[in-house]
Amino acid sequence: MQFLRGDISGKNTPIRPPWSGDEAKFIDTCTSCGDCIDQCPTKIIQKGRGNYPVINFNKGECLFCNDCVDACEVNALKVTDTKPWLISATIDNETCLASQGIECRSCYDPCEVRAIKMTPLLSGVSTPNLDANLCTGCGACFAICPGNSISMNTNQ
């Protein structure tokens, strides 16, 4: 099965809803009821392998509204003092339109925390620079990128 999924080693952990914590503990606690999926206002939480919830940033961004947490009766999702998850965006400069000299600010505009900065240049097009320490992993920049140059990665 892992081979068919492109994960022969079985080490590619899917992106779970915010505040899911440790993968093994989450899988042990989650009942795959789907309540978090039903309550997500942006519909980015979907059923994954084993019907466990996974995040699909192609659908939109996480608002960190806690609706999924409130819906989780078994407490597989619990708000903590730490970041909601260890996810951040990365920008592939090889495919980024701005890096190719085409004016594009698609990733910059929706980034509320301003983790993405557009460094002004005297001549040429400003290119995005991402500060991973500021990135919340909300995914607002992901689906909107016309060059498909942004990926969401777990930092675990």
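Since the model is a prediction, treat every value here as computed from it, not as a measurement. (Residues numbered from 1 in each chain as written. Predicted model: local features only at pLDDT ≥ 70, side-chain atom pairs only at ≥ 80, totals over all residues. Heavy atoms only, no water.)

**Quick look at the state of the cysteines**
And then number 1: One pass over the structure, following the stated rule, counts zero disulfides.
And then number 2: No disulfide involves Cys36; its sulfur sits 6.3 Å from that of Cys30, the nearest cysteine.
And then number 3: Here Cys72 is not cross-linked by a disulfide; its sulfur's nearest cysteine counterpart is in Cys33, at 6.4 Å. (Disulfide = S-S within 2.5 Å.)

**Things to note about the pattern of salt bridges**
One side chain can pair with another of opposite charge once the charged atoms of both are near each other.
And then number 1: Inspection of every chain in the model, using the stated rule, returns one salt bridge.
And then number 2: The salt bridge partner of Glu23 is Arg16, with a shortest N-O separation of 2.8 Å. (Salt bridge = Lys/Arg side-chain N within 4 Å of Asp/Glu carboxyl O.)

**A look at the packing of aromatic side chains**
And then number 1: Following the criterion strictly, the structure yields four aromatic pairs and no others.
And then number 2: Ring geometry for Trp19 and Phe64: centres 6.2 Å apart, planes at 80 degrees, overall edge-to-face. One end of the pair, Trp19, is in the segment before helix H1 (23-29); the other, Phe64, is in the loop between strand S2 (53-55) and helix H3 (67-71), and 45 residues separate them in sequence.
And then number 3: You can call Trp19 buried: its relative accessible area is 11%. (Phe/Tyr/Trp six-rings, centres within 6.5 Å; stacked < 30°, edge-to-face > 60°. Helix = DSSP H or I, 4+ residues; strand = E, 2+ residues; numbered from the N terminus. Buried < 20%, exposed > 50% of the residue type's maximum accessible area, 1.4 Å probe, protein only.)

**Considering the environment of Ala76**
And then number 1: With respect to the helices, strands and loops of the structure, Ala76 is situated in the loop between H3 and strand S3 (87-91).
And then number 2: Considered as a pair, Ala76 and Lys25 are 51 residues apart in the sequence and their alpha carbons are 8.0 Å apart.
And then number 3: If we ignore the near neighbours within four places in the chain, the residues touching Ala76 are Trp19, Ser20, Phe26, Thr29 and Cys30. (Contact = heavy atoms within 4.5 Å.)

**Structural notes on the environment of Gly48**
And then number 1: Looking at the element boundaries, Gly48 is found in the loop between strand S1 (45-47) and S2.
And then number 2: By relative accessible area, Gly48 is classed as partly exposed at 21%.
And then number 3: C-alpha separation for the pair Gly48 and Ser32, spaced 16 residues apart in sequence, amounts to 9.6 Å.

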